Amino acid sequence: MNTITTKKPSFFKGLTGQILIAMLLGAVLGIIIHNSTDAEAAQSFSGKIKMLATVFIRLVQMIISPLVFTTLVVGIAKLGDIKAVGRIGGKALGWFFTASFISLLLGMFFVNILEPGVGLNLSNIDLASATEVTAKTQSLTFENFIEHIVPKSIFEAMATNEILQIVIFSIFFGLAAASLGTYVKPVINALDKTSHIVLKMVNYVMKFAPIGVFGAIAGVFAVRDFQELAITYFKFFGSFLIGISSLWVVLILVGYIFLKSRMTVLLKRIVGPLIIAFGTTSSEAVFPKLTEELERFGVKDRIVSFMLPLGYSFNLDGSMMYMTFASIFIAQAYGVHLDLGTQMTMLLVLMLTSKGIAGVPRASLVVVAATCGMFKIPIEGIALILPIDHFCDMFRSATNVLGNALATSVVGQWEAGDENEIETTEII
């Protein structure tokens, strides 16, 4: 009897393998350009090669708004009532704020234990480079924070990819649709089909991921002397890696507590999105792909479509850890003493001010700069971390993806359990 054997596709023919190769080639090319050309030529090359990453991210951004709107409205309509939305929303926000608090605490713990800012030489800081970030802190007030949450126009929110504003509108739209019952079923069916079309577009867009990652990595290494950065910022970056690694350990352990052996399956599912986020320093770039992978993992589409948009606005674990770490690092560098009470107050301020700014470019740095201003820490200290920020951003973007994947999966499992209990009760 002849047996037919199916040959598994090679790892390097898959998307994950291609992205890893692209990262390596991009780093090599960037280092060669940096070492063989003058600074002006390297800067010009970096600007041009980064266009590959810009094109890829813009391709992803063009489908985020329709994807969030269609999937969230359909998800809420399928939930059926306000009670279900409130129940899942309550679980989601409970998880998000707990995870954020733990992330902030970890950042505060490691920056105080390792003290990377103590004894730092401040003589060679490029203050001009911080101007772009510090200028944005002027608009980061409580009033602007509230205005940023509520959209004045859904079309404006979609045009600028303001995820939280789209979420607010979609929740109202979805609840209104659910209250009208079968009358609006054709509209919900149309949106459901639209969401599937957009998800199909994701497959096409993701084929450009290796090219985008290649451009992003090559552009950075072309203008940064990696050896010089490693020596100058060894203590800061090393301390940050210890902190972010500890956060990964905590997240994965929590995942195994709630998901048991399925956590291993989840990690395998999200390897691709993690690497794309790491390479492009954009967790937003993997939003559509992460949606697809979580549904394949077994989380119901209505849960994924409800949880992920909320998570991208409220659950940025890697960014949260970085914010306390960076803020206290700057204080250490300038010799500003912060007692425990002040640091805990800073932690609570960061908890609130960081929510809902996911669409702001370099959002973490903007929040750090604003927080420094509130606590009388020299705001120009943001220039201290700018040279190494891109490499830190790679790790915090990947961590944000892990945190949102975990939150969505756990809440999805809780909901499945609650539904089974309800069904059992009805049968009895």
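Everything in this summary refers to the structure shown in the same document.

Quick notes on the rules
Residues numbered from 1 in each chain as written. Predicted model: local features only at pLDDT ≥ 70, side-chain atom pairs only at ≥ 80, totals over all residues. Heavy atoms only, no water. Phe/Tyr/Trp six-rings, centres within 6.5 Å; stacked < 30°, edge-to-face > 60°. Helix = DSSP H or I, 4+ residues; strand = E, 2+ residues; numbered from the N terminus. Buried < 20%, exposed > 50% of the residue type's maximum accessible area, 1.4 Å probe, protein only. Lys NZ or Arg CZ within 6 Å of the ring centre and 35° of its normal.

### Topic: the packing of aromatic side chains
Within a pair of aromatic rings, the relevant descriptors are the distance that separates the centres and the angle that separates the planes.
Stage number 1. Throughout the structure, instances matching the rule amount to 15 aromatic pairs.
Stage number 2. Aromatic pair Phe 236 and Phe 329: ring centres 4.5 Å apart, planes at 55 degrees, arrangement tilted. Of this pair, Phe 236 sits in helix H11 (residues 234-259) while Phe 329 sits in helix H16 (residues 317-333), and the two are 93 residues apart along the sequence.
Stage number 3. Measuring from centroid to centroid gives 5.5 Å for Phe 258 and Trp 414, while their planes differ by 75 degrees, and the two rings are edge-to-face. On the criterion of sequence distance, the pair formed by Phe 258 in helix H11 and Trp 414 in helix H19 (residues 382-427) is long-range, its members being 156 residues apart.
Stage number 4. Take Phe 258: its relative accessible area is 30%, and that puts it in the partly exposed class.
Stage number 5. Taking the relative accessible area as the measure of exposure, Trp 414 reaches 29% and is therefore partly exposed.
Stage number 6. Here the aromatic residues Phe 236, Phe 240, Tyr 322, Phe 325 and Phe 329 are joined through ring pairs into a cluster of three or more.
Stage number 7. Looking at Arg 262, its charged tip hangs above the ring of Phe 297, at a distance of 4.2 Å from the centre.
Stage number 8. Across the ring face of Tyr 322, the terminal group of Arg 396 is positioned such that the distance to the ring centre comes to 4.1 Å.

### Quick look at unusual backbone geometry
Peptide bonds are trans in most cases, and residues, glycine excluded, mostly fall at negative phi.
Stage number 1. Positive phi, close to 45 degrees, is recorded for Glu 115, a residue that is not glycine.
Stage number 2. Relative to the elements of secondary structure, Glu 115 occurs in the loop between helix H3 (82-114) and helix H4 (131-136).
Stage number 3. Accessibility expressed as a relative area gives 38% for Glu 115, which makes it partly exposed.
Stage number 4. Residue Lys 376 is not a glycine yet carries a positive backbone phi of 60 degrees.
Stage number 5. By the secondary structure assignment, Lys 376 is in the loop between helix H18 (363-374) and H19.

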